[in-house]
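Residue-level listing of the chains:
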Amino acid sequence: MDLTFSRFNLQSGNTRKAACLIYNTDIKLFRLMFGMPPKAINIIEKMICLQGNSFSSKNLYAVTDGNDMKAIVVSYDSSTEKDKKRTESKDIFLAAGFFRSLRLFFVTPIIDRIITRDLHNNDFYISNICVDEKCRGQGIGTFLLNKTIEMARQKGYSRVLLDVNAENIQAKRLYERMEFRPYGLRKSRYPGGEAAVYSMGLEL
C-alpha cells in the first residue's frame, strides 16, 4: 500500500464514505443524536459539507491509498471548539431538519456530558478516529495516529487529547502504546444505555 495522509478534500473526496466512517466511531451516540442509518449517515454527510460544526470538512483528515479512503480522523483546536459552539446548532438544523433538531434540544445536555471538552489554547483534540473495517489489522490506525500527532507537533501544539470508550480495550491499548495517558473517566446515562469514556492525553 502507498498510504497518504492529507486534509479531506470536499470537492473530490467521498463524503458518503467519510460519513459512514464517522458514524462507526460511536454508533450508540449517533443513534441517540440522529437516529438509525441511513438517516444518521445522511445527516453526518450534510454536516461535512457545512462549515460550522465538529464534522466540517475543514476538521477532517484522511488516509488514502490512491483514491481509496482507508481511515479518517476528526480533529480541531480550542479556537474551533469556541467557534462551533456559536454555529453548530445552525448546522444541525440545516442538516437534520426542525423535528430532529428539536429532539436534540432535549438530549444535548446528556451528549454534552459525554463529548464536551474544555480545551486550552495549545491543545489539539482528536474527536473521532476510524479505520475502514475491512482494512483493520494492517497498521493503518497507527499510521493515522502518528501522522496526526506529527501534524499537531509541527503546528506548535503542546498536547494532544482524545477520548476512548471504556469498552474499547483494543483502542485504549493502542493509545497507551503511543504514550497517551488517561487522566479522567466520565460516566453518563442516556436513554437506552450508559457511556463510560476515558480522557487521554499526550504531551508533545
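In this text, all values refer to a predicted model and were calculated from it rather than measured experimentally.

Observations regarding the layout of surface pockets
Inference 1: The volume enclosed by the second largest pocket comes to roughly 240 Å³.
Inference 2: Ser 12, Gly 13, Thr 64, Gly 66 and Asn 67 are, among the 14 residues lining the second largest pocket, the residues nearest its centre.
Inference 3: Every element with two or more residues in the lining of the second largest pocket is listed here: strand E1 (3-7), strand E2 (60-65) and strand E3 (68-77).
Inference 4: Looking at the lining of the second largest pocket residue by residue, the class counts come to three nonpolar, eight polar and three charged.

Points about the nonpolar core
As a rule of thumb, soluble globular proteins bury nonpolar side chains together.
Inference 1: In this structure, Ile 22, Phe 30, Phe 34, Ile 44 and Ile 48 are the most contacted members of the largest nonpolar core, which totals 28 residues.
Inference 2: Mapped onto this core, the elements with two or more residues apiece are helix H1 (15-25), helix H2 (27-34), helix H3 (39-49), E2, E3 and helix H4 (78-96).
Inference 3: When residues no more than four places from it in sequence are discounted, the contact partners of Ile 48 are Phe 8, Leu 10, Thr 15, Ala 18, Ala 19, Ile 22, Phe 55, Ser 56, Ser 57 and Leu 60.
Inference 4: Cys 135, Leu 145, Met 151 and Val 164 belong to the second largest nonpolar core, which has 26 residues in total.

Details of the pairing of E2
Inference 1: Taken across its six residues, E2 has five buried, putting it largely inside the fold.
Inference 2: Across five bridges, the pairing between E1 and E2 is antiparallel. When the sheet's bridge partners are listed, Leu 3 is paired in E2 with Asp 65.
Inference 3: When E2 meets E3, the two strands line up antiparallel, connected through six bridges. What sits directly across from Ala 62, in E3, is Ile 72.
Inference 4: The antiparallel pairing of E2 with E3 creates a hairpin that spans two residues between the two strands, and Gly 66 there sits at a positive phi of about 70 degrees.

Reading the values: the criteria
- Numbering of residues begins from 1 in every chain and follows the order in which that chain's sequence is written.
- Selection of residues for local features in this predicted model requires a pLDDT of at least 70, selection of side-chain atom pairs for listing and counting requires 80 or more, and totals for whole chains, interfaces and linings are taken over all residues.
- Side-chain numbers here rest on the full set of heavy atoms in the structure, without hydrogens or water.
- A pocket, in this scheme, is an open set of points on a 1 Å grid over the protein atoms alone with protein on both sides within 12 Å along at least 5 of 7 lines, while a cavity is a set where a 1.4 Å probe fits but cannot get out; residues line either one if an atom lies within 4 Å of a point.
- Grid points are joined across faces, edges and corners, and a volume is the space filled by probe spheres set on the points.
- Helix numbering and strand numbering both begin at the N terminus, where a helix is a DSSP run of H or I of at least 4 residues and a strand a DSSP run of E of at least 2.
- Only Asp, Glu, Lys and Arg are considered charged, only Ala, Val, Leu, Ile, Met, Phe, Trp, Tyr, Cys and Pro nonpolar, and every remaining residue, Gly among them, polar.
- By nonpolar core we mean a set of buried residues, namely Ala, Val, Leu, Ile, Met, Phe, Trp, Tyr and Cys, connected to one another through side-chain atoms within 4.5 Å.
- Only protein chains enter the calculation, and the probe is 1.4 Å; a residue is then buried if its accessible area is under 20% of its type maximum, exposed if over 50%, and partly exposed in between.
- Note on contacts: a residue pair is in contact if any heavy atoms of the two residues lie within 4.5 Å.
- Two strands are said to pair when DSSP picks up at least two bridges between them.

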